[in-house]
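Fold and contact review
Each chain, letter by letter, is given below.
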Amino acid sequence: MTCVIESLSGWTYKWYKGSSRVPVSEGNTFTITSAAESDEGRYWCQGERTGRPTTSQSSNEVTIQALPSATLTAEPQSPVFHGETVTMKCVIEVYSNWTYKWYKDNNKNVVFEGNIFKITEASESDEGLYWCQGKRTQKPRSSQLSDPVHVGLKERASPTQLVVGIALGAGLCFVVMVVLYRCTQSKALCLKPSDSGQPVQSIYQNVGRAPDQPYGSEGDQSVYVPLQRVTEDVYEEINASDRNGEE
């Protein structure tokens, strides 16, 4: 945009937006590059100088409307497998009769035209950044550039890697099953002495008590020998005669 005052000299040009009296720029030329939604509005200019008259009248207003935005989507999202198909779509929701152009890696050369860009059997040469933009014959003649979409590759697992993974998983499952089986056969492999939930105490073996004699009675010749506790209470009665080798 250019502001010109033909009479007198020594003018300083200031630019304003809307009803604001805060200058947004100075100079007889005001340029907005890549106009966005935030740049939309009414602009006008005015001249100022030190001598009389110190100001000029306000100029007529110029309305700035941002270019329509273009939205780019990709399916599936990057990274994709080598040989996979990637489908990218460009959409501009306002106006009509758009011709969609595609660009890659900051190159101004058009790599494809159409609102749907499909990459079949993706390879290393397809990796990079992609943009799209709409063009048409009426105003607005173009849209904004879309945000970029990156296409990258990832390798599929090789047959050898799959076999090794399956073998390791099967081996781990086998070890776990063996341990569980042994635990069911012998609690001693899986439980500590206190794991049974019973108090730890000594177990005594009664030696030499007559069947009809109560414990602690007179003439009781029983001998109590502490036994080692393993996993459950065990009692065994041995006659004193057997202990001395007598019948």
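Above this text you will find the structure in question.
Quick caveat: nothing in here was measured; it's all calculated off a predicted structure. (Residues numbered from 1 in each chain as written. Predicted model: local features only at pLDDT ≥ 70, side-chain atom pairs only at ≥ 80, totals over all residues. Heavy atoms only, no water.)

**Digging into the pairing of strand 1 (residues 12-17)**
It is a general feature of regular strands that their side chains alternate between the two faces of the sheet. How we decide: We call two strands paired when DSSP finds no fewer than two bridges between them. Secondary structure elements follow DSSP: runs of H or I of four or more residues count as helices, runs of E of two or more count as strands, with numbering from the N terminus.
Pairing analysis gives six bridges linking strand 1 to strand 3 (residues 41-48), with the strands arranged antiparallel. Within the sheet, the bridge partner assigned to Tyr-13 lies in strand 3 and is Gly-47. Of the pairings in the sheet, the one linking strand 1 to strand 2 (residues 25-26) comprises two bridges and is antiparallel in character. When the sheet's bridge partners are listed, Trp-15 is paired in strand 2 with Ser-25.

**Quick notes on the nonpolar core**
As a rule of thumb, nonpolar side chains are buried together in soluble globular proteins. Note the threshold: Put simply, a nonpolar core is a bunch of buried Ala, Val, Leu, Ile, Met, Phe, Trp, Tyr and Cys residues held in one set by side-chain atoms that sit within 4.5 Å of each other. In this scheme, a residue with accessible area under 20% of its type's maximum is buried, one over 50% is exposed, and one in between is partly exposed, where area comes from a 1.4 Å probe on protein chains only.
Counting 19 residues, the largest nonpolar core has Met-88, Trp-102 and Ile-119 as the members making the most contacts within it. If you list the elements that add at least two residues to this core, you get strand 5 (71-75), strand 7 (86-91), strand 8 (99-104), strand 10 (116-119), strand 11 (128-135) and strand 12 (149-151). With three residues, strand 7 is the single largest residue contributor to this core. Residues Ile-5, Trp-15, Tyr-43 and Ile-64 belong to the second largest nonpolar core, which totals nine residues.

**A word on the sheet that holds strand 7**
Let me state the cut-off plainly: Helix axes use the C-alpha atoms of the stretch in contact, all axes being lines fitted to C-alpha atoms, and the angles between their N-to-C directions lie in the range 0 to 180 degrees.
Strand order in this open sheet of three strands is 5-7-10, and the pairing throughout is antiparallel. The sheet is open, and its two edges are formed by strand 5 and strand 10, each paired on a single side. Put simply, the sheet's adjacent strands are angled 15° from each other on average, direction ignored.

**Details of the sheet that holds strand 8**
Strand order in the open sheet made by the four strands is 9-8-11-12, with antiparallel pairing throughout. The strands lining the two open edges of the sheet, one partner per strand, are strand 9 (112-113) and strand 12. Relative to strand 12, strand 11 runs antiparallel, the two sharing three bridges. Bridge pairing in strand 12 links Leu-129 to His-150.

**Concerning the environment of Ala-74**
Which entries qualify depends on this criterion: Contact criterion: two residues are considered in contact whenever any of their non-hydrogen atoms come within 4.5 Å of each other.
With respect to the element layout, Ala-74 can be found in strand 5. Overall, the relative accessible area of 19% leaves Ala-74 in the buried class. Distance from Ala-74 to Thr-87, taken between C-alpha atoms, is 5.7 Å for residues 13 residues apart in sequence. Those residues in contact with Ala-74 that lie beyond four places of it in its chain are Thr-87, Met-88 and Val-149.

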